[in-house]
Amino acid sequence: MAIIDAHQLQRDWADMTPARARALQRESAARVHLRTEVALPPDTVAGVDVGFENGDTARAAVVVLRYADLEPVDYALARLPVTFPYVPGLLSFRECPVILRALEQLRVAPDLLLCDGHGVAHPRRLGIAAHLGVLTGLPTVGVAKKKLCGRHGAVPEGRGEWTPLKDGDETLGAVLRTRPGVKPLFISPGHRLDLPAALELVMHCTTRYRLPETTRWADGLASNRGQRWLARLDQLR
DNA sequence: GCGACAG
DNA sequence: ATCTTGTCGC
């Protein structure tokens, strides 16, 4: 998947500051598409996540699954020194560079990306999922375990039920119960998808755990016990 | 000034 | 995110 210029992005963001980052977010948010522009169902879905080694090196993992049976068809890993601190609201400036390095090594370009973190459910409507969408042009969905902003009511208990996450009159996303009796997930469109499509995609990818299979694979590979997950992907590369 | 605060 | 033992429950 060689459509991305990860090195160019690294150069462009080399001297990024929180103030410049916020300004860039306001500009980039105007490029986000919230209409569904992907054929459903898709052929493949990818999960992306980033882990940290010793706090100074970021490790990104991308795993592409066949949508029909959620079996892995490709994956890629990348490592890069950390160059930006974790600041709530500016997560993409810390994780996008290494994620793009991993994405460009993919042999199978996925139809869409499920990201760890929010999409437009963000103070300036550009969470990491939305930002990755604008940077790659790929449809993306934000899948977060905690709220960043917005308000919501009680979430119904049944699997697949949800309640809107809103900021005033604006609906930013949904708080989704992927499993009964388990803490809900925060789902929001990233790019080229609307909320109903985002919810359908996430529910399809979520089988027997709280998190979608895409996220579980990426999370496992990016973590420190990634070796164990790698063993199940050996024959792919 | 006081809370809230993705990963 | 990461560090890190035991423990409750199916």
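Residues numbered from 1 in each chain as written. Chains lettered and ligands numbered in written order. Predicted model: local features only at pLDDT ≥ 70, side-chain atom pairs only at ≥ 80, totals over all residues. Heavy atoms only, no water.

## Here's the deal with the UniProt feature "binding site: Mg(2+)" (unreviewed entry) in chain A
- In the numbering used here, UniProt assigns the feature "binding site: Mg(2+)" (unreviewed entry) to Asp 49 and Asp 116. Considering the C-alpha atoms alone, the annotated residues occupy 68 residues of sequence yet fold into one spot, their largest mutual distance being 5.8 Å.
- For Asp 49, the position within the fold is in strand S1 (residues 44-53).
- According to the relative accessible area criterion, Asp 49 is buried, its value standing at 9%.
- For Asp 49, the residues in contact, after removing those within four places along its chain, are Arg 59, Ala 60, Ala 61, Asp 116, Ala 218, Asp 219 and Ala 222. (UniProt positions renumbered as here; feature names shortened; annotations may be inferred. Helix = DSSP H or I, 4+ residues; strand = E, 2+ residues; numbered from the N terminus. Buried < 20%, exposed > 50% of the residue type's maximum accessible area, 1.4 Å probe, protein only. Contact = heavy atoms within 4.5 Å.)

## Quick look at the side chain of Arg 59
- Within the secondary structure, Arg 59 sits in strand S2 (residues 57-66).
- At a separation of 3.2 Å, a polar atom in the side chain of Arg 59 contacts the main-chain carbonyl oxygen of Ala 222.
- If we ignore the near neighbours within four places in the chain, the residues touching Arg 59 are Asp 49, Val 50, Gly 51, Glu 53, Ala 78, Arg 79, Leu 221, Ala 222, Ser 223 and Asn 224. (Polar contact = N/O pair within 3.5 Å; in protein donor to acceptor, adjacent residues only side chain to side chain.)

## Notes on the protein's contact with DNA strand C
- Close contacts around DNA strand C come from Gly 51, Phe 52, Lys 145 and Asn 224, and that covers them all.
- Within the backbone of Phe 52, one N or O atom sits 3.3 Å away from a phosphate oxygen of DNA strand C. (Near = heavy atom within 4 Å.)

## Quick notes on the UniProt feature "site: Interaction with target DNA" (unreviewed entry) in chain A
- UniProt feature "site: Interaction with target DNA" (unreviewed entry): in the numbering of this structure it lies at Tyr 86.
- Here Tyr 86 is to be found in the loop between strand S3 (72-81) and helix H3 (91-103).
- Overall, Tyr 86 belongs to the exposed group, its relative accessible area being 53%.
- Those residues within four positions of Tyr 86 in sequence are excluded, and the remaining contacts are Leu 91 and Arg 94.

## Brief notes about helix H5 (residues 195-205)
- In terms of residue burial, H5 counts as a mostly covered element, since eight of its eleven residues are buried.
- All of the buried residues along H5 are Leu 195, Ala 197, Ala 198, Leu 199, Leu 201, Val 202, Met 203 and Cys 205.
- In this structure Asp 194 caps H5, since a side-chain oxygen of it lies 2.9 Å from the backbone nitrogen of Ala 197.

## Notes on the packing of aromatic side chains
- Across all of its chains, the model carries three aromatic pairs by this definition.
- Between Phe 84 and Phe 93, the aromatic rings sit 6.0 Å apart at their centres with planes inclined by 45 degrees, giving tilted as the arrangement.
- Judged by relative accessible area, which is 3%, Phe 93 ranks as buried.
- On the basis of an interplanar angle of 75 degrees and a centroid distance of 5.3 Å, the ring pair of Trp 217 and Trp 229 is categorised as edge-to-face. Placement of the pair is Trp 217 in helix H6 (residues 213-222) and Trp 229 in helix H7 (residues 226-230), with a sequence separation of twelve residues.
- Under the relative-accessibility criterion, Trp 229 is labelled buried at 17%.
- Taken together, the aromatic side chains of Trp 13, Phe 84 and Phe 93 make up a single cluster linked through ring pairs. (Phe/Tyr/Trp six-rings, centres within 6.5 Å; stacked < 30°, edge-to-face > 60°.)

## Quick look at the protein's contact with DNA strand B
- Around DNA strand B, the structure places 17 residues, and the nearest of them are Tyr 86, Gly 89, Ile 128, Lys 145 and Lys 147.
- Counting only atoms of DNA strand B within 4 Å of the protein, the sugar-phosphate share comes to 42%.
- Ile 128 has a polar backbone atom sitting 3.1 Å from a base nitrogen of DNA strand B.
- Contacts to DNA strand B include Lys 145, whose backbone N or O atom sits 2.8 Å from a phosphate oxygen.
- Grouping the amino acids of the surface near DNA strand B by side-chain chemistry returns seven nonpolar, five polar and five charged. (Nonpolar A, V, L, I, M, F, W, Y, C, P; charged D, E, K, R; others polar.)

## Notes on the side chain of Arg 177
- Its place among the elements puts Arg 177 in the loop between strand S7 (170-176) and strand S8 (185-191).
- In this structure the side chain of Arg 177 is engaged in a polar contact, spanning 2.8 Å, whose partner is the backbone oxygen of Val 155.
- Of the polar contacts made by the side chain of Arg 177, one reaches the backbone oxygen of Pro 156; its length is 3.1 Å.

## Looking at H3
- In this model, H3 (13 residues) spans 18 Å end to end at C-alpha, consistent with the 18 Å of a helix rising 1.5 Å per residue.
- In terms of residue burial, H3 counts as a mostly covered element, since eleven of its 13 residues are buried.
- Among the residues making up H3, those that are buried are Ser 92, Phe 93, Arg 94, Glu 95, Cys 96, Pro 97, Val 98, Ile 99, Leu 100, Ala 102 and Leu 103. (Expected span 1.5 Å × (residues − 1).)

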